Amino acid sequence: MRKNYCVIICLCIFSALSVFGNSINIIPYPEKVVKGEGFFIVSPNVKIKYDKKLRSAESLYTQILETNLGTSVIKKGSDHLISLNVDEKSQLPEEGYKITVTTGNIDITASSPKGIFYGIQSLCQMSLKDSVSKVVKIPVATIEDCPRFAWRGCMLDVSRTFMDKKLLMRYIDLMASYKLNVLHFHLIDDQGWRLEIKRYPNLVSVGSKFDTEFNEMGGYYTHEDIRELIEYASMRNITIVPEFEIPGHECAAIASYPELSCRGVRPKIHPYTKGRGIHQEIFCAGKPEVYEFIYNVLDEIIELFPSKYIHIGGDEAPKHEWKQCAHCQKVIKENGLKNEEELQSYLVYKVGEYIRKKGKEVIGWDEILEGGLAPNATVMSWRGEEGGIIAARQKHKVIMTPSKRCYIDYYQESPEYAPLAIGGFLPLDSVYFYNPLPAGLTTEEQSYIIGTQANIWGEYIQTPEAFEYMAFPRLLAMSEVQWTQPEYKDFVFFTRRLDKEFKRLDYCQVNSCRNFYEVNYAGVWNENHETYEVALSSFCPDAEIHYAINDSVITASSSLYKSPILLSKDAVIYAAVYKEGKSMGRVTHKEFAINKATGCDYKCVPKTEWEHLDESFGLTDGYCGYAQDMRRWVSFYQDSVQIVVELKGTQRIKQVAFASLWRPWNMIWPAKAMSVSVSADGKNFFGVGNKVLSYDFTLTESTRFPASLSFPEVEATFVRLDLLSGGLCPKGYFNEGEQSRLAIDEIEIN
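Residues numbered from 1 in each chain as written. Predicted model: local features only at pLDDT ≥ 70, side-chain atom pairs only at ≥ 80, totals over all residues. Heavy atoms only, no water.

Caption draft 1: Region of the structure containing the overall build of the protein. A count of helices and strands for the protein gives 17 helices and 34 strands. For a compact globule of 750 residues, the expected C-alpha radius of gyration is about 27 Å, and the protein comes in at 29 Å, within 12% of that figure. Taken along its principal axes, the extent of the C-alpha atoms in the protein is 95 × 75 × 50 Å. Put simply, the protein has 750 residues, and 59% of those count as buried. (Helix = DSSP H or I, 4+ residues; strand = E, 2+ residues; numbered from the N terminus. Rg over C-alpha atoms; globule rule 2.2 N^0.38 Å. Buried < 20%, exposed > 50% of the residue type's maximum accessible area, 1.4 Å probe, protein only.)

Caption draft 2: Focus on helix 3 (residues 165-177). For helix 3, which comprises 13 residues, the first-to-last C-alpha distance of 18 Å matches the rise-based estimate of 18 Å (1.5 Å per residue) to within 8%. Of all the residues in helix 3, the buried ones are Leu-167, Leu-168, Met-169, Arg-170, Tyr-171, Ile-172, Asp-173, Leu-174, Met-175, Ala-176 and Ser-177. The N-cap of helix 3, judged by a side-chain oxygen 3.2 Å from the amide nitrogen of Lys-166 a few residues on, is Asp-164. Among the residues trailing helix 3, Lys-179 stands out with phi positive, at a value near 70 degrees. (Expected span 1.5 Å × (residues − 1). Polar contact = N/O pair within 3.5 Å; in protein donor to acceptor, adjacent residues only side chain to side chain.)

Caption draft 3: Looking closely at the pattern of salt bridges. Overall, the coordinates contain 34 salt bridges when judged by the stated rule. Among the ionic pairs, Lys-358 bridges to Asp-299, the shortest N-O distance being 3.4 Å. Within this pair, whereas Lys-358 is found in the loop between helix 10 (340-357) and strand 15 (361-365), its partner Asp-299 is found in helix 7 (residues 288-304), the two being separated by 59 residues in sequence. The exposure class assigned to Lys-358 is partly exposed, which follows from its relative accessible area of 41%. For Glu-353, the salt bridge goes to Arg-356, with nearest N and O atoms at 2.6 Å. Remark: Arg-356 and Glu-353 occur in helix 10; sequence separation between them is 3 residues, near one turn of the helix. With a relative accessible area of 24%, Glu-353 lands in the partly exposed category. Through salt bridges with shared partners, a single network forms among Asp-157, Arg-160, Asp-189 and Glu-459. (Salt bridge = Lys/Arg side-chain N within 4 Å of Asp/Glu carboxyl O.)

Caption draft 4: Examining the sheet that holds strand 13 (residues 239-246) more closely. Spatially, 8 strands are ordered 9-10-13-14-15-16-17-18 in a closed barrel, and the strand pairing comes out parallel. Strand-to-strand twist of the sheet, defined as the mean angle between neighbouring strand axes without regard to direction, takes the value 30 degrees. Relative to strand 14 (residues 309-313), strand 13 runs parallel, the two sharing 2 bridges. In the strand pairing of strand 14, Ile-246 is matched with Gly-313. Contacting strand 9 (151-157) and strand 18 (449-456), helix 16 (residues 474-483) crosses the sheet at an angle of about 175 degrees to strand 18. (Pairing = 2+ DSSP bridges. Axes fitted to C-alpha atoms, helices over the stretch in contact; angles between N-to-C directions. Contact = heavy atoms within 4.5 Å.)

Printed below as a string of structure tokens:
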């Protein structure tokens, strides 16, 4: 059964550490660490001395220390002393701290209680327990530390997947363990309204639930819940910043009060995957009663949340209803606005002014830049860093959270082994190496970037365990991005500390991703050696990789990986990570398609709309596209596609194969027909065969459909594959009647 401690759980399980270590294993790593000789031995009834400024937190801090040190804490009568001192005259920043550990005493000094709290977290991570003697020790050391950024956040999307209060407290504990200080609370979206608004009861009685045909999934937070969460988070130095999304993502609100929309029609509230992921419903920007609604909701939000920031969203707002709405067009005309983008800026400006008059500051996603940025608004840059760069140059505060580096709901391991995710790929090292300060900005412009945050969107997350799987261990990597100065970061050293930290996560039954202890595969055509090479790697330090080709049974006696594996034909490589003869994780595998097209150049007409990986050779890179992973697929938006592959010299061939993807909710439908032509010079082609393709659409709606065409053997230097796309999206499916998209992968020629 899961342990739900209402304390700083992740740091509280020192007993998970089985041996003494020479390093100071703190995540995020401190700014300055000087290790001495010997240890502070934690004896029974160790004495703790609290500064009087810590009285309100004394009970919590005592609980944390007792749990970590494995002994009762007393206030007098012991020679072993832990002293917590708040010295407002010290030169330490507000969240900074200094720890001095000797063999007889421990002193934590800070200029504020916040610094003391973070010093306690670091001290807890320093504690070690000998597996034989059971003695708890803390290494003699001096640590001076403070954070790099003021905003160290994580966004939780509780609209798409509701989390109850106890689970949120558990997550707050985990965040605090690694010195994050902002919980961005995404309370409102198309899939659910999660905050009680007393003036508008339908928002939760209607808006917090899916329509009954989709099975009821509800849940919301009362005012009392919010107050309790805020107090709980505040004791752990975490500010909860609410997000009230405007003007788009309003299906739940408009289902509750249809008059808030342009058309006044009630939409259905459904799960993200059961219709349009982003609904077309939007607040009407021309009705005075909509502004009144927004202001009244904001009044309750501002009264509830002490945060100085109110997030108003502003992203992905579909404006086609505004174009047809007489109310909206009237506002555009009367205010001299050029278009619907400026209408959104008009709305955001009015709402921002209302919030500022209430003594709060506005945050919005980077779309609020469109049509002009409201004065003093803070921009949360998610569509890359460009929005943040523009805002910083305009002297606006910025929070960097580009999706490709900060969206930890993306896949972090090969999708073959992972729970279904929205897509993308963001492994541990990519998070760790992110630097939120773009080099193209001046030092002054960089100063407007107040921090960065990880985001966990809930579209494909259905359980608390899934939230934890997405967050851990990537949130630990993000904590080091947020806290540690770049010159003190080292990924190899981080993996060594993380290896030990996994024991704490495991003890707390945190459902963290175990890819850290598994094998990653990277295949590439080596032009110089004219062969295909597969490199194996793992994040796990000091580990061995054992592997086999076309054999799924892996043991410590299997081949030891030392150098890239050479492949000359189709193969499946199986591999596992071992440490001291012990298997550390699952056996994983990767299939490689090696043929006469592998590593060859090709040209597409029209050009591809996107190639997420291996641009310009993604169709011949040796990897077969996987239905749940869009990265390996090459996409086209036209009716017909022509691909010409230049072989490595003249070859005799008799078959061409490829695969189409079927994902109707993404408007992706497989090719209807294929034809193959060959040429000796790349100019004059003659056909060798064609084929009409058919499929079984009763299968799961995310399917890889292979297709092939065989013909009498011919000589060719160039091979042309012509494809007819899937046409219009069929009746009864998503986006009915709209032009479908074609996604294909791995052209194989034999």
